[in-house]
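Examining the three-dimensional arrangement
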Protein chains: 2
Amino acid sequence: MTYRAPVADIAFALQVAGLDRNIAEGLHGELSDDLVKAVLEEAGRFASEELAPGNHQGDVTGSRLSDGRVITPEGWPDLYRRWCEAGWNGVMAPEEIGGQGLPVALWAATSEMWASANMAFSLAPMLTQGAIEALHVHGSETLKRLYLEKIVSGEWTGTMNLTEPQAGSDLAALRTRAKRAGDGSYRITGQKIFITFGEHDLAGNIIHMVLARLPDAPQGTRGISLFLVPKILVNEDGSLGAANDLRCHSIEHKMGIHGSPTCTMVYGDHGGATGFLVGEENKGLACMFTMMNNARLGVGLQGVAIAEAARQKALRYAHERTQGRLPSDPDMVPIVSHPDVKHMLMAMRAWTAAARAICYRTATALDRAHLAGSEAERRTAQELANLLTPVAKAFSTDIGTEVASLGVQVHGGMGFIEETGAAQFYRDARIAQIYEGTNGIQAIDLVGRKLPQSGGRCVRDFIDSLKASVDEIRAANAPGFGRAGERLDAAVTALGTATEWMLAAERMDEERLVGATAYLRLFGLAAGGCALGQGALAAGRGEGGGAAHLAIARFFAEHLAVGAAGLAVAITNGAAAVTGAGADAALTDI
Amino acid sequence: MTYRAPVADIAFALQVAGLDRNIAEGLHGELSDDLVKAVLEEAGRFASEELAPGNHQGDVTGSRLSDGRVITPEGWPDLYRRWCEAGWNGVMAPEEIGGQGLPVALWAATSEMWASANMAFSLAPMLTQGAIEALHVHGSETLKRLYLEKIVSGEWTGTMNLTEPQAGSDLAALRTRAKRAGDGSYRITGQKIFITFGEHDLAGNIIHMVLARLPDAPQGTRGISLFLVPKILVNEDGSLGAANDLRCHSIEHKMGIHGSPTCTMVYGDHGGATGFLVGEENKGLACMFTMMNNARLGVGLQGVAIAEAARQKALRYAHERTQGRLPSDPDMVPIVSHPDVKHMLMAMRAWTAAARAICYRTATALDRAHLAGSEAERRTAQELANLLTPVAKAFSTDIGTEVASLGVQVHGGMGFIEETGAAQFYRDARIAQIYEGTNGIQAIDLVGRKLPQSGGRCVRDFIDSLKASVDEIRAANAPGFGRAGERLDAAVTALGTATEWMLAAERMDEERLVGATAYLRLFGLAAGGCALGQGALAAGRGEGGGAAHLAIARFFAEHLAVGAAGLAVAITNGAAAVTGAGADAALTDI
C-alpha cells in the first residue's frame, strides 16, 4: 500500500471548513451529505487503487521525448482515459458545459487525492482546469462551442503558456508575438518554456492557452493578450483538421515529477501558429488571472497531498521498523515508540492537517463567492478567498517540502534510497514552492495586494474570527487541550501586531517586503492553529473526527504555533538588517 | 565557476573560533599564521579548480557496479591520486605516522572545502580518516606497521562497517560473526549495508573496519569487537597478497551523492574473511567511538560545505538574473535587488556562517583536548568538544538542507532543473542529516549524555560564556548591531531556561527526549548567534572579516535567533502533547 486516501480526515476537514454550512444554506442545490461522502469514497478508491500504484514507476521511467512526441509512463494513457470516463475531470465545471457542477470544495478534496497518489499525473488535469475556466469566462461562443465540452470531458487537455526565458515572475517582459491574420484568427510566433504537459500522448488534442503580444500593443503587462492555440486545428464541425504550426522542442531534466513532461514549446516555425483570441485584445492578464485563480489553490493542495502521502509512508514504516529499546522493555520496539520519532510523526500530521484546513477554507470561501445569496456576501467571501489563496499556496507547499523531509528522516538510511519512495516525495514536493508564482511572489501578493483589500477590513475581520476561535478554545477548557488556548492566543496576537504593522500608512514598501515571507508563515501558523482548534472543538461535540483531532490541535499549538511571536518580532523590527548597507556588503562579496 | 573556496571567511572563522589563541599558546609548535594561510589558500585552490569542476558530472554518471567492481566517475582515480600526493589525506595525522600533524581545526577547514567542491568524492577520505584514528589509537604494533602509513598517505582507503539490515541506530542488534582462527587472526562472516566506498577503483587496497560478534560474546553492545579486514590480504613484508573472502554485492540507488558508492558488503562466502582484532575482544564499541569521533564533526562540516556551495551559486545567479522592477527604476533589475530575495540570501549566509562557527569551535576544542598544557585544561576542552559535537553534526546538517532548499528557491524554475546544479545540493545535503547517527540520535546524545557531563558544569560554563558574549555585544552598542544584543540575550536566556529544565533531577527521560531535537536547534541558535556576534566584534576591532560580518551577525540575531524563545516554550511545556494517549490515537490511525 503506497497511499490510502484519508477519506474520514478529508470529510471532517471539509465540514470544519464550512462545506456543511454551505450545503445547509442551499448553495449547492440538492447536494447531500451522502453524495459528498460517495464522491470522496469513490475518488479515494480511484486514487489509492488506480493512481498510486504507478507513482514510483512513473518517477523511474519519466516522460520522454522521441521525434517531437512525448511518451508518458507506461499505462498512463489508459489510466487517464478511465479517470476521465469516471467524470473526474469536470468535477467542478458547471453542468451546462458537461461538468458535474460540484463545489470547489469537492474539487479541492479530490485534487488533493490525485496529487497524493500521483502528483506528476495529476498535473495534466490541473492545467486543463485553468483552460476550462479561462475559456468558460472569457471565450467567445464559437470557441466555447468548438472546444469547451471536449476539454471538460478530458478528451482534450489544456495548458498554460506563460513563461519565456526572460519572463518568469515578470510577465511584462514577454516577447511571444501575435499578429492579426485578417480572418479573425491570429498567427503566433515565439518560444515558451516550462510548459507542463505541453506535449503528451494522453489525449487527442492539446489546447494551449498562450500569452502573446500584438504588434501595436502597449508595453508591459497592459499589452498582453491571451490566445487559444490548438495542437491540431479543429474544423467547424468539431472534427480534427491539420496540425498547427507548433512543436515541443525539448523537455526538461528535472529533480522530480518525472512523469510530467515540462516542455519548451516553439510556435511559428512556418509563419505562425493559428491562434484565437480569448477575451479582448490587450486584456490577457485578466484572463490569465482567471486561469491561474484556482491553480494557486491547486498547487497548495499539492503541498497538502505530498505531505499526506509522505506522512502515511513514514507512519507505516515507523510501525514496522523495530530498532532500539525502551527502559521498560528488553526487546527492540517499533520506532514509533521513541519520543523523538513520535515528535516527527506528530509534526507531520499537524502540519498536514493545518495546511489542509487552510486550503479547504479557501475553497469553501470560493464557493460562497460564487453562490452566496447576496452580492455583499459574495463580495466578502471573494475577498476572504483572495486573502487566503496566497497562504494556501505558499504555506501548504512550504510544509509539503518540510513534511516530506521529515518523512525521509523517519526512514533513516532507507529514506535516502530511491526504492523506498520517501525520497520521491521530497523531490516532487520541491517544485510546488516554485511554480504558479514562487512562494516569495505569494508573500508579496499577500502583503502588497491582499491585506489592503477594503482598507484592511477583510484581514481584520479574519483575525477577529481567529480571536473568537481562541476564546472558544479557552472557554472549552478541556484538559486535553493542554495550553493550546494560551499558545494560539499568543499566535493570533502576534499576527494582529504584524498585520497592523504591515497596514500602517507610514510603512515603506521595502520594509513590508522584507518581512513578507515571514508574515505569510505567521499567518499560516495562526490560521492553521485556530482551524485545528475548531476541528478539535467539533470533534469534542461529537461531530466527527475522533480523539486524534484534539491531540493534533494541541500538538500544533504547543510545538509549532509557538514560533509565531518570534516571527512577529522579525517582521516588525527586521527591515534594516536586510535593506542596510551592511547587507549589501554581505551580498556582494561572494 | 561552480565554487570558489571562501578562504578569507574560513580564515576569519578559524581565528574567531580560537585557532589563533591555540597557536599563540604554543599548542601547535611552529605553526605560523602564514602557514595556516598557505594551507588554506592551497586547499582552496585544489577544491575550487580541481575538485569542483567534476561535481556535476559525478552526479550524472554516478559510481556503478560491474562484475563486482565499482567504477567511480571518470577522472576520479587520477584526481584522488593527485589529491593524496599533495598530502591532503594526512592533514591532521601525526607526523610520526606520515601525516602533516596539523590542527584538527585545519582538517575541519579543508574538509569543508573538499565537501563544498565535491561532497561525494570527499567521502572516501572522510571514512579513511576514521580508520586511521581507530588504528592509531587501538591497533597492535603489527597492524600499525603493516597498514597505517599506507592509509595515512591515501594509497589505501578505509571504511567503517557498522550497519546491518536489522541494526542501524541500534548496534546491539548486529549479527556479523567473527571466530578465532587459531593463528591470532579471525574469520568474519556476515552482511553489512550502507558501506560508503566499500568498493571502488581509487586505491590499491581497501581496509574495512568491521564490527562483529565473537561466538562467546555477551549480548548487546558489550559483545561487539572491531576487526580490520583488508580487501586484499597484506603479506608480512607489506606487499599485497591474495584477495580476501569478501565482496561488494550491490550498490544503492540513492537520491544524492551519486559519485559515492554505497555498498552492501558480504563477508565470508567461502568460510570467512580474514580479519584482525583492533583493540580488545568485546571492546569494539569504544574503538568505534574513536573511529566515529571526528566523523560526526566531519559530517557537520558537510552541512556547512553544501550550504556554502549552494549560497555561492544562488548569490551568483541572483546577480546575473534580471527580473522585475523597482519603483525607482523602469528597467528590470538583478533579482538580488528584491527585498525577498535579499532576505533569502542573507539567511543563507547567516545560517552557513553560524554552522561554520560551531563546527570550527568544536575543532579548536578538540585541539585543546589533545594538546593543552594541563590535564585539567585538556579535560575541560574535551568536555566542551563532547558537548558541541552533536550540535555541530545535527544543527549544521539541518541548515545544510535548509540553505540548499533556499538556493533552489532563489533560482526559481531553474532551481528544479538538474543542469543548474542547485538541485544537486538539495539532494546531496539530505543524507548528512541521516548518516553517522541520525540527527535525532544526536539530539538524544546531547540531552542524555552531554548535558549531564560533570553534573552540568560543562554546559553551564558554556552558557556563561555565551552570556559574556551578549554582554560584550550590548556594551559595544554599535549602531550596526541594531537589536542584535537584545535578541541574543533572549536566545541565551531561552537556552538557559531549557537547559535547567533538562538537567532538573525530577525530569523523566521521556519528557527530555520529546524536546531533544528542539533543544539542539535552540542550542545552535544561541551558540551560533553569539559566535557571529563575536565575529562582528572582532571585525569591528579591525581584526579582519570586514563590514559584512556585522551585517551577518545582526541578521542572524534579528531574523533567525528570534525563534529561540518559542523553542524553549515547546521544550519545557510540550511533553504531554507527544506522550499522551491522544498522540497515540493520532499515530495509530493511518
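From a predicted model like this one, the values you see are computed outputs, not experimental measurements.

What about the overall build of chain A?
Of the regular secondary structure elements, chain A holds 20 helices and 12 strands. Its C-alpha atoms give chain A a radius of gyration of 24 Å, near enough to 25 Å, the size a compact globule of 590 residues would have. In terms of overall dimensions, chain A has a C-alpha envelope of 80 × 60 × 60 Å along the principal axes. Buried residues in chain A amount to 64% of all 590 residues. Restricting the contact set of chain A to residue pairs at least 6 apart, pairs at least 24 apart contribute 75%. If the 52 positive side-chain charges of chain A are averaged to one point and the 66 negative ones to another, these points end up 2 Å apart.

Some remarks on the relation of the copies chain A and chain B
Least-squares fitting of chain A to chain B yields an RMSD of 0.0 Å, with the transformation described by 0.0 Å of translation along the axis and a rotation of 180 degrees. One copy is carried onto the other by what is essentially a two-fold rotation axis. Among all C-alpha atoms of chain A, that of A:Gly563 lies closest to the rotation axis, at 3.0 Å. Residue by residue, 100% of the interface of chain A is reproduced at the interface of chain B, so both copies engage with the same surface.

Focus on the packing of helix α10 (residues 375-410) of chain A against helix α13 (residues 457-476) of chain A
Residues and elements named next belong to chain A. One way to put it is that α10 packs onto α13 with a least axis distance of 10 Å and a crossing angle of 80 degrees. When the axes of α10 and α13 are compared, the pair comes out roughly perpendicular. Touching Glu383, Leu384, Leu387 and Leu388 of α10 are Arg457, Cys458, Val459 and Phe462, all from α13. Per-class residue counts for the contact of α10 with α13 are 6 nonpolar, no polar and 2 charged.

Some thoughts on helix α6 (residues 104-138) of chain A
Residue and element names in this part refer to chain A. Taking 1.5 Å of rise per residue, 35 residues should cover 51 Å, yet α6 covers just 19 Å from first to last C-alpha, more than 12% shy of that figure. Approximately 135 degrees is the largest bend angle found in α6, and it occurs at Asn118. For α6, the buried fraction is high: 32 of the 35 residues fall into the buried class.

Side note on the packing of aromatic side chains
Scanning all chains against the criterion turns up 25 aromatic pairs over all chains. Here B:Trp76 and B:Phe121 contribute two aromatic rings whose centre-to-centre distance is 5.4 Å and whose plane-to-plane angle is 80 degrees, an arrangement assigned as edge-to-face. Residue B:Trp76 is found in helix α5 (residues 76-85), and its partner B:Phe121 is found in helix α6 (residues 104-138); the two are separated by 45 residues along the sequence. You can call B:Phe121 buried: its relative accessible area is 2%. Here the aromatic residues A:Phe46, A:Trp76, A:Tyr80, A:Trp83, A:Trp88, A:Trp114 and A:Phe121 are joined through ring pairs into a cluster of three or more. The cationic tip of A:Arg430 hangs over the ring face of B:Tyr426; the distance from NZ or CZ to the ring centre is 5.8 Å.

Section: the pairing of strand β12 (residues 273-278) of chain B
Residue and element names in this part refer to chain B. The element β12 is extensively covered by neighbouring structure, given that 5 of its 6 residues are classed as buried. One ladder, built from 3 bridges, connects strand β5 (residues 186-196) with β12; its direction is antiparallel. Across the sheet, the residue bridging to Ile188 is Ala273, located in β12. Here strand β7 (residues 225-230) pairs with β12 via 3 bridges, running antiparallel. By the bridge assignment, Phe227 is partnered in β12 with Leu277.

With respect to the packing of helix α1 (residues 7-17) of chain B against helix α9 (residues 339-371) of chain B
All names here are of chain B. Interhelical geometry of α1 versus α9 gives an angle of 50 degrees and a closest axis separation of 9 Å. Viewed along their axes, α1 and α9 adopt a mutual orientation that is oblique. The element α1 and its partner α9 pack so that their crossing is right-handed. Two secondary-structure elements touch here, α1 through Asp9, Ile10, Ala13, Leu14 and Ala17 and α9 through Arg349, Arg356, Tyr360, Arg361 and Thr364.

Quick word on unusual backbone geometry
The backbone of A:Phe197 shows a phi angle near 50 degrees, a positive value even though the residue is not glycine. Along the chain, A:Phe197 falls in the loop between β5 (186-196) and β6 (205-212). Unusually for a residue other than glycine, B:Ser454 sits at a positive phi of about 40 degrees. Inspection of the secondary structure puts B:Ser454 in the loop between α12 (439-450) and α13 (457-476).

Observations concerning the domain arrangement of chain A
By a widely used convention, the size of an interface equals the accessible area lost when the partners come together. Entries for chain A in the domain assignment read domain 1 (128-283) and domain 2 (441-578). The centre of domain 1 of chain A, based on its C-alpha atoms, is set 40 Å off from the matching centre of domain 2 of chain A.

Quick word on the nonpolar core
Formed by 374 residues in total, the largest nonpolar core has its most connected members in A:Tyr519, A:Phe523, B:Tyr519 and B:Phe523. The contacts of B:Tyr519, once residues within four sequence positions are left out, are B:Leu446, B:Val447, B:Leu451, B:Val459, B:Leu495, B:Ala498, B:Thr499, B:Met502 and B:Ile571.

Some details on the UniProt feature "domain: Acyl-CoA dehydrogenase/oxidase N-terminal" (unreviewed entry) in chain A
Mapped onto the present numbering, the UniProt feature "domain: Acyl-CoA dehydrogenase/oxidase N-terminal" (unreviewed entry) falls on residues 37-155 of chain A. Overall, residues 37-155 of chain A shows 67% helix and 5% strand. The separation of its end C-alpha atoms is 27 Å.

Description of the interface of chain A and chain B
Between chain A and chain B, the residue contacts involve 88 residues of the former and 89 residues of the latter. Counting the surface lost from both chain A and chain B, the interface buries some 7,700 Å², and carbon and sulfur atoms represent 61% of this. Viewed at the interface, chain B and chain A are joined by 4 salt bridges. Across the contact surface, chain A and chain B share 34 residue pairs in polar contact (both at pLDDT 80 or more).

Some words on the UniProt feature "domain: Acyl-CoA dehydrogenase/oxidase C-terminal" (unreviewed entry) in chain A
Per the UniProt record, "domain: Acyl-CoA dehydrogenase/oxidase C-terminal" (unreviewed entry) is found at residues 282-445 of chain A. With 75% helix and 0% strand, residues 282-445 of chain A has end C-alpha atoms that lie 22 Å from one another.

Description of the state of the cysteines
Under the defined criterion, the tally for this structure stands at 0 disulfides over all chains. Here A:Cys263 stays free of any disulfide, with the sulfur of A:Cys248 as its closest cysteine sulfur at 3.9 Å.

Concerning α10(A)
An ideal rise of 1.5 Å per residue puts 52 Å on 36 residues; α10(A) measures up with 50 Å between its terminal C-alpha atoms. A:Gly412 lies just past α10(A) and shows a positive phi near 60 degrees.

Considerations on the pattern of salt bridges
For the structure on display, the rule yields 82 salt bridges over all chains. Between B:Glu280 and B:Lys283 there is a salt bridge, with its nearest N and O atoms 3.7 Å apart. Accessibility expressed as a relative area gives 52% for B:Glu280, which makes it exposed. What makes B:Lys283 partly exposed here is its relative accessible area of 46%. The structure contains a network of salt bridges with shared partners spanning A:Glu42, A:Arg45, A:Glu49, A:Glu50, A:Asp78, A:Arg81, A:Arg82 and A:Glu85.

Here we look at the confidence of the model for chain A
Residues at a pLDDT of 70 or more form 99% of chain A, whose mean pLDDT is 96. The complex prediction reports pTM at 0.98, with the ipTM value standing at 0.98.

Here we look at the pairing of strand β4 (residues 177-180) of chain B
All names here are of chain B. Pairing of β4 with β5, which is carried by 4 bridges, proceeds in the antiparallel orientation. Paired with Lys179 across the bridge in β5 is Arg187. Between the end of β4 and the start of β5, which pair antiparallel, lie 5 residues, with Gly182 showing a positive phi angle near 95 degrees.

Cut-offs applied
- Residues numbered from 1 in each chain as written.
- Chains lettered and ligands numbered in written order.
- Predicted model: local features only at pLDDT ≥ 70, side-chain atom pairs only at ≥ 80, totals over all residues.
- Heavy atoms only, no water.
- Helix = DSSP H or I, 4+ residues; strand = E, 2+ residues; numbered from the N terminus.
- Rg over C-alpha atoms; globule rule 2.2 N^0.38 Å.
- Buried < 20%, exposed > 50% of the residue type's maximum accessible area, 1.4 Å probe, protein only.
- Contact = heavy atoms within 4.5 Å.
- Lys, Arg positive; Asp, Glu negative; His and termini not counted.
- Charge placed at Lys NZ, Arg CZ, Asp CG, Glu CD.
- Least-squares fit on C-alpha atoms with pLDDT ≥ 70 in both.
- Axes fitted to C-alpha atoms, helices over the stretch in contact; angles between N-to-C directions.
- Parallel < 35°, antiparallel > 145°, perpendicular 65-115°, else oblique.
- Nonpolar A, V, L, I, M, F, W, Y, C, P; charged D, E, K, R; others polar.
- Expected span 1.5 Å × (residues − 1).
- Bend = angle between axes of the 7 residues up to and from the residue.
- Phe/Tyr/Trp six-rings, centres within 6.5 Å; stacked < 30°, edge-to-face > 60°.
- Lys NZ or Arg CZ within 6 Å of the ring centre and 35° of its normal.
- Pairing = 2+ DSSP bridges.
- Left-handed = near helix turned anticlockwise from the far one by under 90°.
- Domains from an automatic or database assignment.
- Core = buried A, V, L, I, M, F, W, Y, C linked by side-chain atoms within 4.5 Å.
- UniProt positions renumbered as here; feature names shortened; annotations may be inferred.
- Buried area = accessible area lost by both parts, 1.4 Å probe.
- Salt bridge = Lys/Arg side-chain N within 4 Å of Asp/Glu carboxyl O.
- Polar contact = N/O pair within 3.5 Å; in protein donor to acceptor, adjacent residues only side chain to side chain.
- Disulfide = S-S within 2.5 Å.
- pLDDT = per-residue confidence, 0-100.

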